[in-house]
Amino acid sequence: MNLINTSDIQSGMVFSEPVYTEGKNLLVPALVPIRQKDIDFLTSMDIKAVKTEGIQVEIEAQAEEIIEEVEKTDAIHALEALEAELANMLDQPDFDSFAEIPQDEIVITSKKGAIRFSISDVRQNSGPYRAYKNLIDKLNAVFVGLKTGDDVEMRAVDNICTLLLQDLHDNPDTFVGFILGGEITSQELAKSSINTAILSAKTAQELKLPNHKILNIVSGALLHDVGMLRLSKGITEKKGGLSDAELEQIKSHPIHTSKIITKELYGPREVNLIALQHHERWDGQGYPDKLVGQAIDIGARIISVADAFEAMVSKKSYRNSMIGYQAIKNLMADNGRRFDPAVIIAFTKIMGIYPIGSIVRLNDTSIARVVSIHTDAPMRPVIQLLMDKNGDALGSGNVVSVNLLADRTLFIKEAIDPAEFTEQNA
């Protein structure tokens, strides 16, 4: 570990590895500039030095890490260019306004006939799919027990956490693909919580947080909305808009969550804190305590982003879902209002500009599904062709995968809403 005196730190410094305060508490992730408010925090807490395993790097390096295609002279310009690319239609993102519902499959017609493709390429008899469904079933059993007043132990949540991290390690890309697939239509609260936990785990790993912190974040993600069990179905399943009074009841769910974690599950204090704070906002306009910036636990900041993305791409009774690309654009257009910008950067790197499962059109007019992401080049994922440039659909016996990072002649021209594409090819 390299020891750096607080007096030597200047705003704008960037290090190749995360910077920590005492006790391995994260100050800033790798390749994220230190801000003046970070320095003010160190001074106010009388922290004399920080530690990092990395070295100071030129700020230009961050631009290359954020996105390879953006050629700017510094990281600030790179991030602005990326945000402009992603948010050109969303100056004021509204998470209650959504695009049309993507269908679970698309139909490609050609001279060879009609071929159907699942959005996430789910195969219900596959090992990863069974593992994903098993996680949802286990968490749903916990929620049912809490709902009916059964004696539920925190150990059950810990076991799900361990299974999830192992499954995610074994099938990282496949699990993310299931989130966009939307093929499981029951057990909505459990499914949403598992999806949020998957996204939170990957983001925390990208930020290089210590393992014990990642475990707490995943547990907090699994339980972050458990307080919804204490609200009436008339509110949680209402179709259409909510009244002001109903919105206030929705806003009470973190308090209910905290009570469940502490008084029914006897869960760890840090897990409770993460779940309690997941609706706090970076600008201090969140709830329940209107915390600002880094006063919000890093786990809660991660879950906030993951939860928002999951809500946008998943169908709810009171709102429609949107394609992954549009959801990423919404997040990037936030501009430091709801979310920690460093977490947004990490989330974009692990999800890509076009998340796994996205249907895209290439510059040669071919159609493809995104199957894998390059964290250092979010706009150049690995794709599987569904329709070639001649308009012929490619069946399962003719799988063609293309690594856009290696093949520079091709690039993604646009994301396609599967519902619209199906209509065009009907």
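One can find the structure itself at the top, above this paragraph.
Undergrad: Any chance you could explain the sheet that holds strand β10 (residues 367-372) here in plain terms?
TA: Pairing between the strands of a sheet is mediated by backbone hydrogen bonds and can be parallel or antiparallel. Within the open sheet, the 5 strands sit side by side as β12-β11-β10-β9-β13. Their pairing is antiparallel. With partners counted over all chains shown, the strands left at the sheet margins are β12 (401-403) and β13 (412-416), one partner each. Strand-to-strand, the axes of this sheet are offset by a mean angle of 40 degrees, without reference to chain direction. Bridging between strand β11 (residues 382-387) and β12 involves 3 bridges; their strand directions are antiparallel. Residue pairing for β12: Val382 is matched across the bridge by Asn403.

Undergrad: Looking at this model, I keep getting lost on the pairing of strand β5 (residues 49-52). Mind explaining?
TA: Regular strands place side chains that alternate from one sheet face to the opposite one. Across 4 bridges, strand β1 (residues 2-5) lies against β5 in antiparallel orientation. Across the sheet, Asn5 pairs through a bridge with Ala49, a residue of β5. Examined bridge by bridge, strand β3 (residues 19-20) and β5 share 2 bridges and lie antiparallel to one another. Each residue of the ladder has a partner; that of Tyr20, found in β5, is Lys51.

Undergrad: Looking at this structure, I do not really get the pattern of salt bridges. What am I missing?
TA: Any two side chains of opposite charge can pair, so long as their charged atoms come close to each other. Evaluated as defined, the whole model comprises 12 salt bridges. Between Asp283 and Arg281 there is a salt bridge, with the nearest N and O atoms lying 2.8 Å from each other. Among the ionic contacts, a cluster of salt bridges with common partners joins Lys213, Glu270 and Asp297.

Undergrad: Just checking my understanding: could you explain helix α7 (residues 188-206) for this structure?
TA: With 19 residues, α7 extends 27 Å between its outermost C-alpha atoms, agreeing within 8% with the 27 Å of an ideal straight helix rising 1.5 Å per residue. With 15 of 19 residues buried, α7 lies mostly within the body of the structure. Where α7 ends, the next residue or the one after it, Lys208, has phi of about 60 degrees, a positive value.

Undergrad: Hey, could you run me through the nonpolar core in this one?
TA: As a rule of thumb, soluble globular proteins bury nonpolar side chains together. Grouped together as the largest cluster of nonpolar side chains are 85 residues, with contacts concentrated most on Ile194, Leu222 and Phe347. Apart from the residues lying within four places of it in its own chain, the contact partners of Ile194 are Tyr132, Leu135, Ile136, Leu139, Ile160, Leu164 and Leu222.

Undergrad: In this structure, what is going on with the sheet that holds β5? I would like to understand it.
TA: Strand order in the open sheet formed by 4 strands is β1-β5-β3-β4, and the pairing between neighbours is antiparallel. Unpaired on one side and paired on the other, β1 and β4 (26-28) mark the two borders of the sheet.

Undergrad: Honestly, the packing of aromatic side chains in this entry has me stumped. Any pointers?
TA: Going through the model one piece at a time under the given rule, you end up with 6 aromatic pairs. Both rings, one in Tyr132 and one in Phe175, keep their centres 5.9 Å apart while their planes meet at 80 degrees; by these two values the pair is edge-to-face. Residue Tyr132 is located in helix α4 (residues 127-148), and its partner Phe175 is located in helix α6 (residues 172-181); the two are separated by 43 residues in the primary sequence. Consider the rings of Tyr325 and Tyr354, whose centres lie 4.9 Å apart with planes at 5 degrees: the pair is stacked. In this pair, Tyr325 is assigned in helix α14 (residues 324-332) and Tyr354 in the loop between α15 (341-351) and β9 (359-362), connecting sequence segments 29 residues apart. Classification of Tyr354 as buried rests on a relative accessible area of 3%. Joined through ring pairs, the aromatic side chains of Tyr129, Tyr132, Phe175 and Phe178 make up one cluster.

Undergrad: Quick question: what am I supposed to make of the packing of helix α5 (residues 154-170) against helix α8 (residues 211-223) here?
TA: In helix packing, the relevant descriptors are the interaxial angle and the interaxial distance, both defined with respect to the helix axes. Orientation of α5 relative to α8, taken along the N-to-C sense of each, is 115 degrees, at an axis distance of 9 Å. The pairing of α5 with α8 is recorded here as roughly perpendicular in orientation. As α5 packs across α8, the resulting crossing turns out to be right-handed. Contacts between α5 and α8 pair Met154, Val157, Asp158, Ile160, Cys161, Leu164 and Leu165 from the former with Ile214, Leu215, Val218, Ser219, Leu222 and Leu223 from the latter.

About the cut-offs
Residues numbered from 1 in each chain as written. Predicted model: local features only at pLDDT ≥ 70, side-chain atom pairs only at ≥ 80, totals over all residues. Heavy atoms only, no water. Pairing = 2+ DSSP bridges. Helix = DSSP H or I, 4+ residues; strand = E, 2+ residues; numbered from the N terminus. Axes fitted to C-alpha atoms, helices over the stretch in contact; angles between N-to-C directions. Salt bridge = Lys/Arg side-chain N within 4 Å of Asp/Glu carboxyl O. Expected span 1.5 Å × (residues − 1). Buried < 20%, exposed > 50% of the residue type's maximum accessible area, 1.4 Å probe, protein only. Core = buried A, V, L, I, M, F, W, Y, C linked by side-chain atoms within 4.5 Å. Contact = heavy atoms within 4.5 Å. Phe/Tyr/Trp six-rings, centres within 6.5 Å; stacked < 30°, edge-to-face > 60°. Parallel < 35°, antiparallel > 145°, perpendicular 65-115°, else oblique. Left-handed = near helix turned anticlockwise from the far one by under 90°.

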